[in-house]
Amino acid sequence: MNSNYSMGLPIAASTFAKDIDFGLKLIHVAMLVIFVLWGIFFAYLLVRYRRREGVAAQREDDHGLFSTSLIPDIVVLIFEIALISLYAIPVWSRIKIHSPKSQESNQVALVAEQFAWNVHYPGPDGKFGRRSPDLVHFSNPIGLDRDDPAAQDDVVGANELHLPLGKTTLIHLSSKDVIHSFFVPEFRLKQDAVPGLTIPVWVEPNRVGHYEITCAQLCGFAHSLMRGEVFVENPEEYQGWLKAQAAQAPEPAKAPSTW
Ligand SMILES: [Cu+2]
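Each value, and the rule that gives it
- Residues numbered from 1 in each chain as written.
- Predicted model: local features only at pLDDT ≥ 70, side-chain atom pairs only at ≥ 80, totals over all residues.
- Heavy atoms only, no water.
- Donors = N, O, S within 2.8 Å, 3.2 Å for Na, K, Ca; no water.
- Tetrahedral: all angles 85-135°; square planar, octahedral: opposite > 155°, others 65-115°.
- Helix = DSSP H or I, 4+ residues; strand = E, 2+ residues; numbered from the N terminus.
- Buried < 20%, exposed > 50% of the residue type's maximum accessible area, 1.4 Å probe, protein only.
- Pairing = 2+ DSSP bridges.
- Axes fitted to C-alpha atoms, helices over the stretch in contact; angles between N-to-C directions.
- Contact = heavy atoms within 4.5 Å.
- Parallel < 35°, antiparallel > 145°, perpendicular 65-115°, else oblique.
- Nonpolar A, V, L, I, M, F, W, Y, C, P; charged D, E, K, R; others polar.
- Patch = residues over 30% accessible without salt bridge, like charges linked within 9 Å, V, L, I, M, F, W, Y side chains within 5 Å.
- Areas by Shrake-Rupley, 256 points an atom, 1.4 Å probe, with all protein chains shown as cover.
- Salt bridge = Lys/Arg side-chain N within 4 Å of Asp/Glu carboxyl O.

Engineer: Mind laying out the coordination of the copper ion, listing which residues take part and the relevant values?
Structural biologist: Reference values for coordination geometry: four tetrahedral donors around a metal ideally subtend 109.5 degrees, six octahedral donors ideally subtend 90 or 180 degrees. The copper ion binds to the protein through His180 (ND1), Cys215 (SG), Cys219 (SG) and Met226 (SD), with metal-donor distances spanning 2.1 to 2.5 Å. Taken together, the four donor atoms surrounding the copper ion define angles of 88 to 124° at the centre, an arrangement classified as tetrahedral. In the primary sequence, the donor residues of the copper ion line up as H-x34-C-x3-C-x6-M. Of this pair, histidine 180 sits in strand 6 (residues 180-184) while cysteine 219 sits in the loop between strand 9 (209-215) and strand 10 (227-233), placing them 39 residues apart in sequence. No difference in accessibility class separates histidine 180 from cysteine 219, as the two residues are buried.

Here it is, written out as structure tokens:
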């Protein structure tokens, strides 16, 4: 699996990963620069104002409202305001506020539950079949209505998310029980799955590979086992996989309405 959780960042496998990484690196470099400068200043003060015979410790006269010692603070403040207004807000807006249109995207629904990631693909027709809580059963964890014509070619799986390379995928994220959090470090993508809400997130994978999905929200006793896998495949390979899965879709079944 192409993942690493060592000192550096995991490999970047989505189009917006570089924007997130830029912010992380910039902040770390800025903190390092500030740390070194303050360290030098601190050492200077220790030497400059060390205890000496005949020199009494005394406070300098009040400088009024403005003191030159405020200059570093002002520089840091300007940098932080610029960071938020010129980098963070535009990047957030581009990635989180402006979702791609569903007609132009590959789509998948991800239904989290204790302790699995159910994956619902609309199949070759591109339409999701109807889902109903009344149909939820051990054999039908997302309550898919196989009588619905749009559901005939739908593909349902668990803990395996297949995505085409170089195409935007819109993921409709929801939860059946408690709050979970969908996290793929290589995509730099993390979003809570909240019961009662369907939250759209998107990703455009730009690197073929096999990555890990983790649940990033403590969700119960087996939270640490709530893992899945992402397979980023070439579009032809992905379509082939989807067709093969759709061909195996079960016949419409009358699932019991209770457990
Ligand atoms: Cu979870």
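Engineer: Residue-level account of the sheet that holds strand 2 (residues 116-121), with values.
Structural biologist: Taking strand neighbours across the sheet as the criterion, the five strands line up as 3-2-1-5-8 in an open arrangement whose pairing is mixed. One side of each edge strand has no neighbouring strand; the edge strands of this open sheet are strand 3 (155-158) and strand 8 (199-203). Strand after strand, the sheet turns through a mean of 25° between neighbouring axes, direction not considered. In terms of strand pairing, strand 1 (residues 106-113) meets strand 2 through five bridges, oriented antiparallel. Within strand 2, the position partnered with glutamate 113 by the bridge is alanine 116.

Engineer: Requested: an account of the sheet that holds strand 6, with residues and values cited.
Structural biologist: The strand order 4-10-9-6-7 describes an open sheet built from five strands, whose pairing is mixed. The strands lining the two open edges of the sheet, one partner per strand, are strand 4 (160-164) and strand 7 (189-193). The sheet shows a mean angle of 20° between the axes of neighbouring strands, taken without regard to direction. Across five bridges, the pairing between strand 6 and strand 7 is antiparallel. Counterpart to phenylalanine 182 in the pairing with strand 7 is glutamine 191. Packed onto the sheet, helix 3 (residues 235-247) meets strand 4 and strand 10 and runs at close to 135° relative to strand 4.

Engineer: Break down the environment of alanine 246 for me, citing the residues and quoting the values.
Structural biologist: Along the chain, alanine 246 falls in helix 3. Taking relative accessible area as the criterion, alanine 246 reaches 13% and is therefore assigned buried. Separated by 149 residues in the primary sequence, alanine 246 and isoleucine 97 place their C-alpha atoms 33 Å from one another. With sequence-adjacent residues up to four places away left out, alanine 246 is seen in contact with Pro124, Asp153 and Val155.

Engineer: I'd love a proper account of the pairing of strand 9, names of residues and values included.
Structural biologist: With six of its seven residues buried, strand 9 lies for the most part within the structure. Relative to strand 9, strand 6 runs antiparallel, the two sharing two bridges. The partner of phenylalanine 183 across the bridge, within strand 9, is threonine 214. Here strand 9 runs beside strand 10; their pairing, made up of six bridges, is antiparallel. Directly across from isoleucine 213, in strand 10, lies its bridge partner glycine 228.

Engineer: Which residues make up the packing of helix 1 (residues 17-48) against helix 2 (residues 71-97), and what values go with them?
Structural biologist: One way to put it is that helix 1 packs onto helix 2 with a least axis distance of 11 Å and a crossing angle of 170°. Accordingly, the angle class assigned to the pair helix 1 and helix 2 is roughly antiparallel. Contact residues: Asp19, Ile20, Phe22, Gly23, Leu26, Ile27, Ala30, Ile34 and Trp38 in helix 1; Pro72, Asp73, Val76, Phe79, Leu83, Tyr87, Val91, Arg94 and Ile95 in helix 2. For the contact of helix 1 with helix 2, the per-class residue count stands at 14 nonpolar, one polar and three charged.

Engineer: Any details on a nonpolar patch on the surface? Residues and values, ideally.
Structural biologist: Nonpolar side chains collect at one region of the surface, where Val29, Leu32, Val33, Phe35, Val36, Leu37 and Ile40 lie side by side and expose about 710 Å² of accessible area between them. Counting through the fold element by element, valine 29 comes out in helix 1.

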